[in-house]
Every structure is written in structure tokens, then in C-alpha cells.
Amino acid sequence: VAMISLMMAVELGYSDEELFNIGLGALLHDVGKLLVPKNILQKSGPLTDIEMSYMRQHCELGMSSLEGFNLPKEYTNIILQHHERLDGSGYPKGLKGDEICRNAKIVMIADAVDAITSYRPYKQLQNMDFAIKELRNDGQKYSQEFVDLLDKILK
């Protein structure tokens, strides 16, 4: 996720400091999963509603676990917002459009692509072309500008 995010940020002309910020934020984006019970993270079938509720807490758990480090919002916004969606259907706060920071919009795409193309015990592995197509089909949820950018980079 960090590498895909950084590739996109380089293409967007990010400065060294901005690259560091998005890189570290993307690297830490799922740190809250360390506080989700292992049996939920490793479950091979669909999650129950209660298990999904625990899983959806990982963004806020990540934020709270890092509070004492006084990290800049450039990192913490990514951790908190990477599961938000442009149409407001994401979590944890149901943010929409410009309420979501630019870096989180990039990381959400990288995270979604990683989820689609990585092995999961409960779903079939897909290739990158399939992942890009899925993100385009969900055009109301993901920045199509950034999806197009990733597609360009990969070609």
C-alpha cells in the first residue's frame, strides 16, 4: 500500500517532505489491526456483523494507539480516513468528497487495489487489471482522477 501510494505521489509531483508524509501514513494505515482480535483477522469465511464492527474499529484504534506520539495530521488523517469513500459510504465517520484529505484518497485506492490483488482465504486472487476495473465501477466511491493515474503508472 505504501509503495503504490508513493508511486502515485511521485507522479503527482509531491515534494520530498510530502512523499515522506504519505509514505509513513500509508505504512501505518492499518496499525489499528494490531488491536483487532487475531481470530477475526484470520477468519477464512465471511465476518459476522459483530466481527465486522470490530474490524471497522481499526481506523480509530490506530489513531488512539498513536496519540501519544503527537504525529502530524498528514499521517493520522490517512490512518483515520483510508476507509472513507467519496460518496459517504465509508467508515468510520462517513466522510464525503472534500471532507477526505487528498493523501487518504490516494491511500484508499492503494489499499483497495492491494485488497483485490492480495491473497485472502475467503476470496479468489485477482489481477491488477481487474482491480482497476473494479475501482472504475465504483466511481462514486473512489477518485477517478487517481484511479486513472494509477492505471497510467501501471501501463
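Residues numbered from 1 in each chain as written. Predicted model: local features only at pLDDT ≥ 70, side-chain atom pairs only at ≥ 80, totals over all residues. Heavy atoms only, no water.

**Things to note about the overall build of the protein chain**
Tallying secondary structure elements over the protein chain gives 9 helices and 0 strands in all. Listing each helix as α and each strand as β along the protein chain from the N terminus yields α-α-α-α-α-α-α-α-α. Compactness check: the protein chain gives a C-alpha radius of gyration of 15 Å against a globular reference of 15 Å for 155 residues, within 12% of the reference. Its C-alpha atoms give the protein chain principal-axis dimensions of roughly 40 × 40 × 25 Å. Here the protein chain holds 155 residues, and the buried ones make up 40% of them. Here the analysis covers contacts within the protein chain between residues at least 6 apart in sequence; of these, 55% occur between residues at least 24 apart. Summing over all exposed atoms, the protein chain offers an accessible surface of approximately 8700 Å²; the carbon and sulfur share of this is 52%. Of the charged side chains in the protein chain, 17 are positive and 22 negative; the average position of the first set lies 5 Å away from that of the second. (Helix = DSSP H or I, 4+ residues; strand = E, 2+ residues; numbered from the N terminus. Rg over C-alpha atoms; globule rule 2.2 N^0.38 Å. Buried < 20%, exposed > 50% of the residue type's maximum accessible area, 1.4 Å probe, protein only. Contact = heavy atoms within 4.5 Å. Areas by Shrake-Rupley, 256 points an atom, 1.4 Å probe, with all protein chains shown as cover. Lys, Arg positive; Asp, Glu negative; His and termini not counted. Charge placed at Lys NZ, Arg CZ, Asp CG, Glu CD.)

**Considering the packing of aromatic side chains**
Using the criterion set out here, one finds 1 aromatic pair in the structure. Centre to centre, the rings of phenylalanine 20 and tyrosine 75 are 6.4 Å apart; their planes meet at 65 degrees, and the pair counts as edge-to-face. Highlighted residues: phenylalanine 20 in helix α2 (residues 16-28) and tyrosine 75 in helix α6 (residues 73-81), separated in sequence by 55 residues. (Phe/Tyr/Trp six-rings, centres within 6.5 Å; stacked < 30°, edge-to-face > 60°.)

Shape is all these values report; function is a separate question.
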